[in-house]
Amino acid sequence: MNTNYNPYENVLKVMDEAVALGNLSTDMYEMIRNPQRELKVYLPVRMDNGSIKVFEGYRVQHSNIRGPFKGGIRFHQDTDLNEVKALATWMSLKCAVVNIPYGGAKGGITVDPSKLSKNELMRLTRRYTFAIESIIGPDKDIPAPDVNTNAQTMAWVLDTYSMLNGKPCPGVVTGKPLELGGSKGRPSATGRGVVTSTRLILENYGETLAGSRIAIQGFGNVGANTARIAGHRGAVLVALSDVSGAIYCKNGLDADEISRFVEEGNMLADYQASDVLHITNEELLECECDVLIPAALENQITKENAGKLKCRYIVEAANGPTTAEADEILKERGITLIPDIFANSGGVIVSYFEWVQNIQTLTWDKEQIHDMLIEILTKAFTEIKEEVKRTKCTWRMGAYIVALRRLITANEVKGLFP
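Residues numbered from 1 in each chain as written. Predicted model: local features only at pLDDT ≥ 70, side-chain atom pairs only at ≥ 80, totals over all residues. Heavy atoms only, no water.

> Is there a simple way to explain the overall build of the protein in this structure?
Along the backbone of the protein there are 14 helices and 12 strands. Rg of the C-alpha trace for the protein: 20 Å, near the compact-globule value of 22 Å for 418 residues, within the 12% margin. When the backbone C-alpha atoms are referred to their principal axes, the protein occupies close to 55 × 55 × 45 Å. Taken across its 418 residues, the protein has 58% of its residues classed as buried. (Helix = DSSP H or I, 4+ residues; strand = E, 2+ residues; numbered from the N terminus. Rg over C-alpha atoms; globule rule 2.2 N^0.38 Å. Buried < 20%, exposed > 50% of the residue type's maximum accessible area, 1.4 Å probe, protein only.)

See below:
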């Protein structure tokens, strides 16, 4: 990642433009432009060799104007306060654009989890939970998985929080194992939402998902699920990548076969097939395809490479993969971009379903969850589409205007305390 890139400044720039374009109230917008709380904690952890190492952790609560704070926890060596602030802001916008009753938050620990053992990760997670316990809870702030965290991580958070509170508290996190109150359909929810977003934008322009040539950057939970679900629906997956490199096949890659290969502990750099080429991550972004899906980290499509892309559509599965400067280039080139705050909202939508099931002691089947997810995404897409037509703006601006209008209106109705 470019160390000079500040994702928080990037999201503020986009929001400022959307407020002006949508003629929204600048008075109440000032309350949304800044997070409500920023917490930095230092986390001493006993390592397996007996030494003590101190890690830095964060929890940023951006806005709870429309409901409890909601947002994932990521473990990554490049995580810092500006990144977490940007991610928390995107969460507020994401929940608002799909109109679910949550605010936005995000957490992170500056750590390379690949260098820690499972027991070290458990102790780190429990120490972090202890440090933020006073500001999270089922009716206050509900964490979830993010980059390099998963259902096991959420199980540790849940257990630690429950022990500190003296009772089971399943609603404190989402994305947890089914055995602890997790929801069916949650692991694949973000990828399923990305595929639904892709289908909706293609159909809007008279095209179909089946037969579309798709390149996906990133093969973690989101990228892998997106690849499998899109492949099952007839899309041609021409390129995939992970941290080790990228693979390309003009006739299409078998996402199920590649998923099994990766789940056995292999990297894509080791994948071999007669018609598969090994390419760089940069070559994947610039390969010929109909739809490019960045599903890794932020700051991937920049002013340096935006002019080289050969796709016709971009669907942002990652948070903040495209810079504001790149947006302008893509707009000039006529490349249609579906923004992250809508495209990857499937995860938080199904997290909402999980939370509702927990606090009401319900269990819904997978088909019902899938149907409700598609219903919410389709309604939100229609609202964004109407804003795009009314304002004559890009899809990103349309989504931001819809989200910011909801946040600003909520602020206006509640007023300023005291």
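> Hey, could you run me through the pattern of salt bridges in this one?
Two side chains that carry opposite charge are able to pair once their charged atoms sit near each other. Enumeration over the complete set of coordinates arrives at 21 salt bridges. As a salt-bridge pair, Asp16 and Arg33 come within 2.8 Å of each other at their nearest N and O atoms. Taken together, the residues span a long stretch of sequence, with Asp16 in helix α1 (residues 7-21) and Arg33 in helix α2 (residues 26-33) at a distance of 17 residues. We note a salt bridge from Lys85 to Glu38, for which the minimum N-O separation is 3.6 Å. Residue Lys85 is located in helix α3 (residues 81-97), and its partner Glu38 is located in strand β1 (residues 37-46); the two are separated by 47 residues in the primary sequence. One connected set of salt bridges, linked through shared partners, spans Arg74, Glu83, Lys106, Asp146 and Glu298. (Salt bridge = Lys/Arg side-chain N within 4 Å of Asp/Glu carboxyl O.)

> For this particular structure, what's the right way to read the pairing of strand β4 (residues 104-110)?
Every other side chain in a regular strand lies on the same face of the sheet, so the side chains alternate between the two faces. Counting buried positions along β4 yields 6 of 7 residues, so the element is predominantly enclosed. Pairing geometry for strand β2 (residues 52-63) and β4, over 6 bridges, is antiparallel. Looking at the pairing, Gly57 lines up with Ile109 of β4. Sheet analysis places strand β3 (residues 69-76) next to β4, joined by 4 bridges and oriented parallel. Bridge pairing links Ile73 to Gly107 in β4. Considered for its hand, the β-α-β crossover made up of β3, α3 and β4 is right-handed. (Pairing = 2+ DSSP bridges. Right-handed = clockwise from strand over helix to strand, strands pointing away.)

> Whenever I open this one, helix α6 (residues 189-204) confuses me. Can you help?
For the α-helix, the turn length of 3.6 residues means that residues three or four positions removed from each other point alike. In this model, α6 (16 residues) spans 22 Å end to end at C-alpha, consistent with the 22 Å of a helix rising 1.5 Å per residue. With 13 of its 16 residues buried, α6 lies for the most part within the structure. (Expected span 1.5 Å × (residues − 1).)

> Honestly, the sheet that holds strand β6 (residues 213-217) in this entry has me stumped. Any pointers?
Hydrogen bonds between backbone atoms are what pair the strands of a sheet, whose relative direction is either parallel or antiparallel. Taken in spatial order, the 7 strands line up as β9-β8-β7-β6-β10-β11-β12 in an open sheet, and their pairing is mixed. In this open sheet, the two strands that pair with only one neighbour each are β9 (277-279) and β12 (336-338). The mean inter-strand angle of the sheet, taken between neighbouring strand axes irrespective of direction, is 20 degrees. Relative to strand β11 (residues 313-315), strand β10 (residues 291-294) runs parallel, the two being bridged by 2 bridges. The residue of β11 that forms the bridge with Leu292 is Ile314. (Axes fitted to C-alpha atoms, helices over the stretch in contact; angles between N-to-C directions.)

> Can you walk me through a negative patch on the surface in this structure?
The grouping of Asp365, Glu367, Asp371 and Glu375 at the surface amounts to a negative patch. Inspection of the secondary structure puts Glu375 in helix α13 (residues 366-391). (Patch = residues over 30% accessible without salt bridge, like charges linked within 9 Å, V, L, I, M, F, W, Y side chains within 5 Å. Areas by Shrake-Rupley, 256 points an atom, 1.4 Å probe, with all protein chains shown as cover. Lys, Arg positive; Asp, Glu negative; His and termini not counted. Charge placed at Lys NZ, Arg CZ, Asp CG, Glu CD.)

> Whenever I open this one, the state of the cysteines confuses me. Can you help?
What we call a disulfide is simply a covalent bond connecting the sulfur atoms of a pair of cysteines. The tally for this structure, following the rule as stated, stands at 0 disulfides. Unpaired in this structure, Cys249 has its nearest cysteine sulfur neighbour in Cys287, at a distance of 12 Å. Considering cysteine sulfurs only, Cys289 is the nearest to Cys287, which forms no disulfide, with 4.4 Å between them. Of the residues examined, Cys287 reaches a relative accessible area of 9% and is grouped as buried. (Disulfide = S-S within 2.5 Å.)

> Can you help me understand a nonpolar patch on the surface in this one?
Taken together, Tyr42, Ile52 and Val54 make up a surface patch of nonpolar side chains, about 330 Å² in accessible area. Positionally, Val54 belongs in strand β2.

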